[in-house]
Amino acid sequence: LISGEASAYIFRSFLIVGGVSLLFTIFLLSVLWSYRKNRIRLEHIAFTDPVTGGMNNAAFRAEFLRLAEHMPPNCYTVALLNVKGFKLINENFGIAAGDDILKYIDRVLVRHIHEGEIAARSEADYFFLCLREHNPEEIQNRLDEMIQDINSFAQYTDIHYCLTMQQGACLVDDPVLDINILQDRARIACKMQGAPEKCMFYSADLLQALRNEQQLNALFEGSLQNRDFQIYLQPKVRLRDGAVCGAEALVRWFHPQRGVIYPSD
């Protein structure tokens with residue numbers, strides 16, 4: 001009798017413990033499932049561009065860091081494409097049409113990249129590319145193909161507008177270098193673009209030219225206040241009688257520390 005009662009008590013205890021364990025397991029699994037679902041949702045928000053639905057700048061940087069772990073020097077290039085005059089598209093055709101064009105550009109770029117390459121919209125009308133290329137001519141050819149494909153959108157829409165792209169690129173000679181620095185160098189090259197529709201490649205000379213320009217801009221206001229600019233009158237001589245009939249006013253910049261700053265500069 002005692003043994004039977006003890007067995008029943010033990011059985012009920014096992015049932016209670018088993019039930020509590022099952023409920024705790026179900027609760028724990030639901031918490032883990034909810035955490036995983038929220039994490040996936042947050043990662044989607046953090047790494048997805050809200051306009052194009054593709055990769056954003058955070059995703060571009062994260063993917064570049066993953067590639068950089070096994071990236072040999074001088075084999076990859078970070079390129080930037082900037083749509084010139086995009087605000088006019090928003091003004092003329094509306095925000096919705098502008099967003100559709102951004103989505104289209106993103107799809108075209110993704111279609112043109114190869115395995116192990118990256119394409120993403122950074123912000124506004126800026127698109128970054130990480131191409132497995134190091135030859136400037138080959139990079140230019142690929143960018144030209146992308147831009148030509150992008151401008152084919154006019155065949156399928158009522159918007160007949162030819163997009164002009166500013167292009168800048170930076171060769172990844174040191175994969176350990178911060179991706180922010182590489183992107184900034186591509187931006188510098190893009191802003192210093194010379195010939196239209198041609199990609200400008202970042203170099204030390206390009207950076208030095210930009211620094212010189214910034215230094216001159218910083219000196220300009222002070223030189224105006226100090227009257228460092230001097231006017232010279234270059235006479236105009238009449239050929240008929242050799243008389244002076246006028247003059248061309250020329251301004252020259254004489255800085256007290258840097259000396260003569262030439263008009264070409």
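Residues numbered from 1 in each chain as written. Predicted model: local features only at pLDDT ≥ 70, side-chain atom pairs only at ≥ 80, totals over all residues. Heavy atoms only, no water.

### With respect to the nonpolar core
Formed by 26 residues in total, the largest nonpolar core has its most connected members in Ile-105, Leu-109, Leu-129 and Leu-163. Top contributing element to this core by residue count: helix H4 (residues 95-112), with six residues. Setting aside residues no more than four positions away along its own chain, Ile-105 makes contact with Val-83, Phe-127, Ile-150, Leu-163 and Met-165. Counting residues in each nonpolar core, the second largest holds 24 residues, with Met-71, Ala-186, Leu-206 and Leu-207 among its members. (Core = buried A, V, L, I, M, F, W, Y, C linked by side-chain atoms within 4.5 Å. Buried < 20%, exposed > 50% of the residue type's maximum accessible area, 1.4 Å probe, protein only. Helix = DSSP H or I, 4+ residues; strand = E, 2+ residues; numbered from the N terminus. Contact = heavy atoms within 4.5 Å.)

### Brief notes about the packing of aromatic side chains
Here the structure, examined in full by the defined rule, presents five aromatic pairs. Ring geometry for Phe-220 versus Phe-229: centroids 5.1 Å apart, planes at 55°, classification tilted. Here Phe-229 falls in the partly exposed class, since its relative accessible area comes to 24%. Taking the centre distance of 5.5 Å and the plane angle of 85° together, the rings of Phe-220 and Trp-253 count as edge-to-face. (Phe/Tyr/Trp six-rings, centres within 6.5 Å; stacked < 30°, edge-to-face > 60°.)

### Brief notes about the pairing of strand S3 (residues 126-131)
For S3, the buried fraction is high: five of the six residues fall into the buried class. Sheet topology note: the strand S1 (residues 77-84)/S3 ladder contains six bridges and is antiparallel. Considered in S3, the bridge of Ala-79 is made with Leu-129. Looking at chain direction, strand S2 (residues 118-123) and S3 are connected through five bridges and run antiparallel. Bridge pairing in S3 places Arg-121 opposite Phe-127. The hairpin turn running from S2 into S3, its antiparallel successor, is two residues long, and Ala-124 in that turn takes a positive phi close to 50°. (Pairing = 2+ DSSP bridges.)

### Some words on the sheet that holds strand S7 (residues 244-255)
Read across the open sheet, the three strands follow the order S6-S7-S8; overall the sheet is antiparallel. Because the sheet does not close on itself, it has two edges, and the strands there are strand S6 (229-237) and strand S8 (259-261). Strand-to-strand twist in this sheet, taken as the mean axis angle between neighbours without regard to direction, amounts to 45°. Note that S6 and S7 share nine bridges and pair antiparallel. Each bridged residue has a counterpart across the sheet, and for Gln-230 the counterpart in S7 is Arg-252. Along the sheet, helix H7 (residues 204-226) contacts S6, S7 and S8; its crossing angle with S7, the most-contacted strand, is approximately 115°. (Axes fitted to C-alpha atoms, helices over the stretch in contact; angles between N-to-C directions.)

### Observations regarding the environment of Val-110
Mapped onto the secondary structure, Val-110 falls in helix H4. Take Val-110: its relative accessible area is 42%, and that puts it in the partly exposed class. Residues Val-110 and Gln-214, 104 residues apart in the sequence, show an inter-C-alpha distance of 36 Å.

### Section: the side chain of Thr-52
Along the chain, the position of Thr-52 falls in the loop between helix H1 (2-47) and helix H2 (57-68). Once you skip the residues sitting within four places of it in the chain, Thr-52 turns out to touch Leu-102, Lys-103, Asp-106 and Arg-121.

### A short note on the environment of Ile-95
The residue Ile-95 is located in helix H4 in this model. Ile-95 sits in the exposed class, given a relative accessible area of 54%. Once the C-alpha coordinates of Ile-95 and Phe-127 are considered, the two residues, 32 residues apart in sequence, prove to be 18 Å apart.

### A look at the side chain of Glu-117
In this fold, Glu-117 is placed in the loop between H4 and S2. Reaching out from Glu-117, the side chain makes a polar contact with the backbone nitrogen of His-114 at a distance of 2.7 Å. Separated by 2.9 Å, the side chains of Glu-117 and Arg-142 make a polar contact. (Polar contact = N/O pair within 3.5 Å; in protein donor to acceptor, adjacent residues only side chain to side chain.)

### What to know about the environment of Asn-151
In this structure, Asn-151 sits in the loop between helix H5 (136-150) and strand S4 (164-171). Separated by 59 residues in sequence, Asn-151 and Asn-92 place their C-alpha atoms 17 Å apart. Residues contacting Asn-151, with those up to four places away along its chain left out, are Tyr-161, Cys-162 and Leu-163.

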